[in-house]
Amino acid sequence: MGHMSDKELLEMFRNHETQSYAFNLIVRKYQERLYWHIRKIIICHDDSDDVIQNTFLKVWTGLENFREDSQLFTWLYRIATNEALTFLKKKRNKFFLPLMDVEQQLMQTLETSPHIDGNEIQVKLQKAILTLPEKQRVVFNMKYFEELKYEDISEILGTSVGALKASFHHAVKKIEKYMETD
Amino acid sequence: MKELEKNKEVIGRFGRELPFKVPSEYFEELPMKIQSICLSKEKEKVHIPFLQLIKSQLALAMGFIILAALAFAGYYYIKPPSQNSVLTNDDYIEIVEKHISDFDEGHLLNAVKDSKDTHSPSNDLTDEMIRYLLKENVDYVTLMEQY
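Residues numbered from 1 in each chain as written. Chains lettered and ligands numbered in written order. Predicted model: local features only at pLDDT ≥ 70, side-chain atom pairs only at ≥ 80, totals over all residues. Heavy atoms only, no water.

Caption draft 1: Just the packing of helix α2 (residues 19-42) of chain A against helix α3 (residues 45-62) of chain A, in detail. All names here are of chain A. With their axes 9 Å apart at the nearest point, α2 and α3 run at an angle of 140° to one another. Judged by the angle between their axes, α2 and α3 are oblique. At the point where α2 passes α3, the crossing takes the right-handed sense. On α3, the residues touching Gln19, Ser20, Phe23, Val27, Tyr30, Gln31, Leu34, Tyr35, Ile38, Arg39 and Ile42 of α2 are His45, Asp47, Ser48, Asp49, Val51, Ile52, Thr55, Phe56, Val59 and Trp60. For the contact of α2 with α3, a count of residues per class yields 12 nonpolar, six polar and three charged. (Axes fitted to C-alpha atoms, helices over the stretch in contact; angles between N-to-C directions. Helix = DSSP H or I, 4+ residues; strand = E, 2+ residues; numbered from the N terminus. Parallel < 35°, antiparallel > 145°, perpendicular 65-115°, else oblique. Left-handed = near helix turned anticlockwise from the far one by under 90°. Contact = heavy atoms within 4.5 Å. Nonpolar A, V, L, I, M, F, W, Y, C, P; charged D, E, K, R; others polar.)

Encoded structure:
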């Protein structure tokens with residue numbers, strides 16, 4: 001069942017008798033990719049867990065109306081990205097935090113969370129990424145870690161390929177500069 | 001291409017490894033957790049009574065109806081009584097009697113004359129009859145005596 005294509009899974013989902021099973025297969029197929037995508041934005045595991053659950057809840061309610069104008073995985077990524085960014089926005093509004101303070105909190109999480117387990121360079125790279133503007137951070141993560149095509153990122157974020165290339169280039173420069181400092 | 005090479009260089013230097021970890025068996029348990037959340041939401045969705053769904057719309061509609069009823073009642077309560085009653089001849093006589101000093105005689109005579117001059121279907125008929133009798137040279141008095 002692990003080899004089923006998205007098209008087959010969607011057909012299975014549209015059949016009422018196999019809907020739950022098909023959804024379970026979709027979750028199993030994409031949960032890790034989406035979790036790590038969310039985790040790179042949210043940093044904290046517990047918050048990422050909440051966001052991934054909300055993401056799949058939205059997928060469950062919206063999948064019936066999914067018309068296959070886009071690929072399933074870009075649609076899933078779009079929901080996950082929106083959920084993660086909305087989570088950060090709510091966090092800012094809830095505590096009346098200025099823009100930088102949430103990022104400061106995330107940096108603290110990188111240092112203190114029990115679910116962080118990496119070497120110094122890996123943690124420093126994550127801190128460098130946290131200095132980037134929100135959208136640039138998402139673009140950098142998708143290109144650098146997930147190696148997504150610009151065309152797919154463009155579909156997910158609704159930004160032109162040219163703008164994404166420029167954004168990634170600026171992000172790399174900033175990160176290099178940050179990594180060079182002690 | 002130069003930029004691409006440079007990016008590859010950066011990746012080579014810092015690697016793609018993430019410093020994050022998850023609790024053990026997290027991804028084994030996650031699908032079950034998600035499935036149960038989705039199914040419980042589905043049940044909640046099914047059990048919402050129709051009245052509960054349209055409660056807010058219903059309240060809004062009721063508000064409008066009450067407001068309209070109040071406006072309607074208020075309008076007829078405040079409206080002066082002269083606007084919704086029709087004056088009869090007796091009322092006019094009473095008014096003239098009460099305020100006789102406000103009317104001058106000439107004015108009243110003119111008003112009586114004007115009222116006689118008003119065009120009515122019976123006046124038209126009389127005129128037509130007179131015209132006919134004159135045209136046919138019929139003496140109306142003799143005619144009446146004969147019958």
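Caption draft 2: Representation of the nonpolar core. Phe23(A), Leu63(A) and Phe140(A) are the most contacted members of the largest nonpolar core, which has 69 residues in total. If you tally residues by element for this core, the top one is α2(A), at 11 residues. (Core = buried A, V, L, I, M, F, W, Y, C linked by side-chain atoms within 4.5 Å. Buried < 20%, exposed > 50% of the residue type's maximum accessible area, 1.4 Å probe, protein only.)

Caption draft 3: Layout of helix α7 (residues 134-144) of chain A. Counting buried positions along α7(A) gives eight out of 11 residues, so the element sits mostly inside the fold. Within α7(A) the residues assigned to the buried category are Gln136(A), Arg137(A), Val138(A), Val139(A), Phe140(A), Asn141(A), Met142(A) and Tyr144(A).

Caption draft 4: Structural detail: the layout of surface pockets. Residues and elements named next belong to chain A. Considering only enclosed or pocket space, the second largest pocket measures out at about 250 Å³ in volume. Taken together, 12 residues make up the lining of the second largest pocket; nearest its centre are Asn54, Glu83, Thr86, Phe87 and Lys90. Among the elements of the structure, α3 and α4 (72-94) are those that each provide at least two residues to the lining of the second largest pocket. At six residues, the largest contribution of residues to the lining of the second largest pocket is made by α4. In terms of residue class, the lining of the second largest pocket is built from four nonpolar, three polar and five charged. (1 Å grid on protein atoms, 1.4 Å probe; cavity = no way out; pocket = protein on both sides within 12 Å on 5 of 7 lines; lining within 4 Å. Points joined across faces, edges and corners; volume = space filled by probe spheres on them.)

Caption draft 5: Fine view of a negative patch on the surface. Together, Glu32(A), Glu25(B), Glu28(B) and Glu29(B) make up a negatively charged patch on the protein surface. By secondary structure assignment, the location of Glu32(A) is in helix α2. (Patch = residues over 30% accessible without salt bridge, like charges linked within 9 Å, V, L, I, M, F, W, Y side chains within 5 Å. Areas by Shrake-Rupley, 256 points an atom, 1.4 Å probe, with all protein chains shown as cover. Salt bridge = Lys/Arg side-chain N within 4 Å of Asp/Glu carboxyl O. Lys, Arg positive; Asp, Glu negative; His and termini not counted. Charge placed at Lys NZ, Arg CZ, Asp CG, Glu CD.)

Caption draft 6: Representation of the pattern of salt bridges in the model. Residue and element names in this part refer to chain A. In total, this model carries 11 salt bridges over all chains according to the counting rule given. One salt bridge connects Lys29 with Asp6, and the closest N-O pair in it is separated by 2.8 Å. With Lys29 in helix α2 and Asp6 in helix α1 (residues 6-14), this residue pair connects regions lying 23 residues apart in the sequence. Between Lys127 and Glu111 there is a salt bridge, and its shortest N-O distance comes to 2.5 Å. With a gap of 16 residues between them, Lys127 in helix α6 (residues 120-130) and Glu111 in helix α5 (residues 99-112) connect regions that are remote in the sequence. Taken together, the salt bridges that share partners define one network made up of Arg92, Glu103, Glu134 and Arg137.

Caption draft 7: Looking closely at α6(A). Residue and element names in this part refer to chain A. Counted residue by residue, α6 has eight buried out of 11 residues, so it is predominantly covered. Where α6 is concerned, the buried positions are Gln122, Val123, Leu125, Gln126, Lys127, Ala128, Ile129 and Leu130. The distance from a side-chain oxygen at the start of α6 to the backbone nitrogen of Ile121 is 3.1 Å, and the residue carrying that oxygen is Asn119. (Polar contact = N/O pair within 3.5 Å; in protein donor to acceptor, adjacent residues only side chain to side chain.)

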